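A closer look at the structure
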Amino acid sequence: MLGSPSAWDTARIQLENAVRHLGLDDGLHDLLRMPRRAITVSVPLMRDDGHLLVLSGYRVQHNLARGPAKGGIRFHPSTDLDEVKALAMWMTWKCALMGIPYGGAKGGIAVDPRLLSLSERERMTRRYAAELVPLIGPEKDIPAPDVGTDEQTMAWIMDTYSTHTGYTAPGVVTGKPLSIGGSAGRAGATSRGVQLVAFAALAEHGLDPYDVTVAVQGFGKVGALAAQYLHDAGARIVAVSDVKGGVYNPQGLNPAALLRRVQRGGDTVVGHPGTDTITNAELLELDVDLLVPAALEGVITATNADRIKARMIVEGANGPISADADPILDGNGVVVVPDILANGGGVAVSYFEWVQDIQAYFWTEDQVNDRLCDIMKRAYGEVSALATERGVSLRAAAHIIGVARVADAHRTRGLYP
Ligand code: NAD
């Protein structure tokens, strides 16, 4: 392995650790590691200027032992099959840990959506969705938004799938607009879960949640609202960033004002009045109580792990800490609340959305938030208790629980044929 482990390396190492703790045999380990299905599709897109661009798209269904596949769709230039495989594997353990009856999946297109017009994005999404029609469906595989996609993307996928099948199928995707079967509370669910778990972990580790400083990397769907909810709950947000860089004010930032700036078409937080500009690397190394990486995987590696000064890291993103950084952070006493626990609120409310779609009966936002809170608290309590009992990190404990539940489902179902 040259350089830092990739997302796929990291995911495999985390699985190996859980398998060792659980004493699973090699055959079951192989079954749990290998994706059940992985497809690559070519996505031809006619650009507005008449040129044909052929993009690569992916969908991986990592494991279906506990239910239909579930996972987001990412539009990002560095997306490739190995990244999607890693993200799909993490979805499997996350759904199991959250106690949700799904397997794990992920998909994406290697593209920078910011370089496409709205109608180009629509044509690309619809063609990609059409290629996936044989694979997805409310009982088979249910996509959701991820990096570079949003509720409009989900609406196009839902419409494309419904047109192909000949009837309206809201349950084929989650994270949809409310007008076509979305759920109240879904847009903020991942971030609300991040806040709930962060406060539980801070309190348990002797840090007063109402008196902590926080840096958030990534000011997108997860990061912006995580900053907002942490701020609303009483924490002081001192830095946030996006792909163009970060802003810092030790007295505290106003996430709502930053969100308005971005929603009004400002393409970055950088330059916001009353803030100093910092780089993403500097943000990660700030002397804060809590660091919330909420952008991409592999931002904390063996190269910078020793320079992390945060007391606690709550992973809003999937895989932001590579496997070679974990032992360094551990050795330095940094508490890491792992992705499959910390950002599990998104898939929890995606599950609620799917349940509501299937029943054609919708819940209030309070009902959604109360049930989300129950799931997050239960999952945090289980992980924390196992970590203490076995003397392992929260990441190891979360993976042991998730992997054990999937292994159990395999054993119970038996092997066909
Ligand atoms: P998003 O596209 O809405 O936002 C991503 C943010 O990261 C943007 O602010 C972008 O500018 C920033 N960014 C991109 N590249 C960067 C870089 N190199 N350095 C710093 N910042 C960078 O995506 P999102 O949905 O908020 O997802 C963020 C992370 O959270 C991903 O790891 C995703 O898999 C994970 N996640 C998302 C959800 C969800 O419900 N959307 C649920 C669980 C986990």
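Just so we're clear, the structure is a prediction, and the values are computed from it rather than from any experiment.

Overview of the sheet that holds strand β8 (residues 245-248)
Taken in spatial order, the seven strands of this open sheet run β9-β8-β7-β6-β10-β11-β12, and their pairing is mixed. What marks the edges here is a single partner per strand, and that holds for β9 (276-278) and β12 (335-337). For this sheet, the mean inter-axis angle between neighbouring strands, taken without regard to orientation, is 20°. With two bridges joining them, strand β10 (residues 290-293) and strand β11 (residues 312-314) adopt parallel strand pairing. Paired with Leu291 across the bridge in β11 is Ile313.

Considerations on the domain arrangement of the protein
For the protein, the domain assignment lists domain 1 (35-180) and domain 2 (189-342). Each side of the interface is counted separately: domain 1 has 16 residues, and domain 2 has ten residues. Note on domain 1 versus domain 2: buried area summed over both sides is about 1000 Å², and carbon and sulfur give 59% of it. Considering only the side of domain 1, the residues that lose the most area to domain 2 are Trp90, Lys94 and Leu97, jointly responsible for 39% of the buried surface there. The interface formed by domain 1 and domain 2 contains one salt bridge. Close ionic contact of Arg74 with Glu297 constitutes a salt bridge, the shortest N to O distance being 3.0 Å. Where domain 1 packs against domain 2, one counts four residue pairs in polar contact (both at pLDDT 80 or more). Looking at the side of domain 1 that touches domain 2, the elements that each hand over two or more residues are β3 (69-76) and α3 (81-98). Here the side of domain 1 that touches domain 2 gets seven residues from one element, more than from any other, and that element is α3.

Observations concerning the sheet that holds strand β1 (residues 37-46)
One open sheet holds the five strands; their spatial order is β1-β2-β4-β3-β5, and the pairing between them is mixed. Each edge of the sheet is formed by a strand with only one pairing partner; in this case those strands are β1 and β5 (141-145). Taking the axes of each pair of neighbouring strands and ignoring which way they run, one obtains an average angle of 25° across the sheet. Where strand β2 (residues 52-63) lies against strand β4 (residues 103-110), six bridges are found, and the strand directions are antiparallel. Within the sheet, the bridge partner assigned to Gly57 lies in β4 and is Ile109. In the packing of helix α4 (residues 118-132) onto the sheet, the strands contacted are β1, β2, β3 and β4, and the crossing angle to β1 comes to about 145°.

As for the environment of Arg186
Relative to the helices and strands, Arg186 is located in the loop between α5 (151-165) and α6 (189-204). The spatial distance from the C-alpha of Arg186 to the C-alpha of Val19 is 33 Å, given a sequence separation of 167 residues. With residues up to four places along the chain from it excluded, the contact list for Arg186 reads Pro145, Gly175, Gly346, Val349, Ser350 and Glu353.

Focus on the packing of aromatic side chains
Considering all chains together, one arrives at six aromatic pairs under this definition. Relative to Trp354, the ring of Tyr102 lies with its centre 5.1 Å away and its plane at 65°, an arrangement referred to as edge-to-face. Of this pair, Tyr102 sits in the loop between α3 and β4 while Trp354 sits in helix α12 (residues 345-359), and the two are 252 residues apart along the sequence. Look at Trp354 and you get buried, because its relative accessible area is 13%. Relative to Trp363, the ring of Phe352 lies with its centre 5.2 Å away and its plane at 45°, an arrangement referred to as tilted. In this pair, Phe352 is assigned in helix α12 and Trp363 in the loop between α12 and α13 (365-390), connecting sequence segments eleven residues apart. The pair formed by Phe352 and Trp363 is uniform in burial state, with each residue classed as buried.

Some points on the site of the ligand
In the neighbourhood of the ligand, 23 residues make up the surrounding shell, with Asp146, Thr190, Lys221, Val222 and Asn318 lying closest. In this structure, an oxygen atom belonging to the ligand sits 2.9 Å away from a main-chain N or O atom of Lys221. One of the backbone N or O atoms of Val243 is found 3.0 Å from an oxygen atom in the ligand. Relative to its free-state accessible area of 830 Å², the ligand is covered by the protein chains to the extent of 84%. Across the shell around the ligand, the residue classes break down as nine nonpolar, nine polar and five charged. Mapped onto the domain boundaries, the shell around the ligand takes at least three residues apiece from domain 1 (35-180) and domain 2 (189-342).

Examining the packing of α3 against helix α14 (residues 394-413)
Closest axis-to-axis distance for the α3/α14 pair is 8 Å, and the angle between their directions is 90°. By the angle class used here, α3 and α14 are roughly perpendicular. Facing α3, whose interface residues are Trp90, Thr92, Trp93, Ala96 and Leu97, α14 presents Ala398, His399, Ile401, Gly402, Val403, Arg405 and Val406. Of the residues assigned to the contact of α3 with α14, the class counts are eight nonpolar, three polar and one charged.

Thoughts on the pairing of β10
Every second residue of β10 is oriented toward a common face, with Leu290 and Val292 on one face and Leu291 and Pro293 on the other, all of them buried. For strand β6 (residues 213-217) and β10, the ladder comprises four bridges, and the chain directions are parallel. Among the inter-strand pairings, Gln217 is bridged to a residue of β10, identified as Pro293.

Cut-offs used in this document
Residues numbered from 1 in each chain as written. Predicted model: local features only at pLDDT ≥ 70, side-chain atom pairs only at ≥ 80, totals over all residues. Heavy atoms only, no water. Pairing = 2+ DSSP bridges. Helix = DSSP H or I, 4+ residues; strand = E, 2+ residues; numbered from the N terminus. Axes fitted to C-alpha atoms, helices over the stretch in contact; angles between N-to-C directions. Domains from an automatic or database assignment. Contact = heavy atoms within 4.5 Å. Buried area = accessible area lost by both parts, 1.4 Å probe. Salt bridge = Lys/Arg side-chain N within 4 Å of Asp/Glu carboxyl O. Polar contact = N/O pair within 3.5 Å; in protein donor to acceptor, adjacent residues only side chain to side chain. Phe/Tyr/Trp six-rings, centres within 6.5 Å; stacked < 30°, edge-to-face > 60°. Buried < 20%, exposed > 50% of the residue type's maximum accessible area, 1.4 Å probe, protein only. Near = heavy atom within 4 Å. Areas by Shrake-Rupley, 256 points an atom, 1.4 Å probe, with all protein chains shown as cover. Nonpolar A, V, L, I, M, F, W, Y, C, P; charged D, E, K, R; others polar. Parallel < 35°, antiparallel > 145°, perpendicular 65-115°, else oblique.

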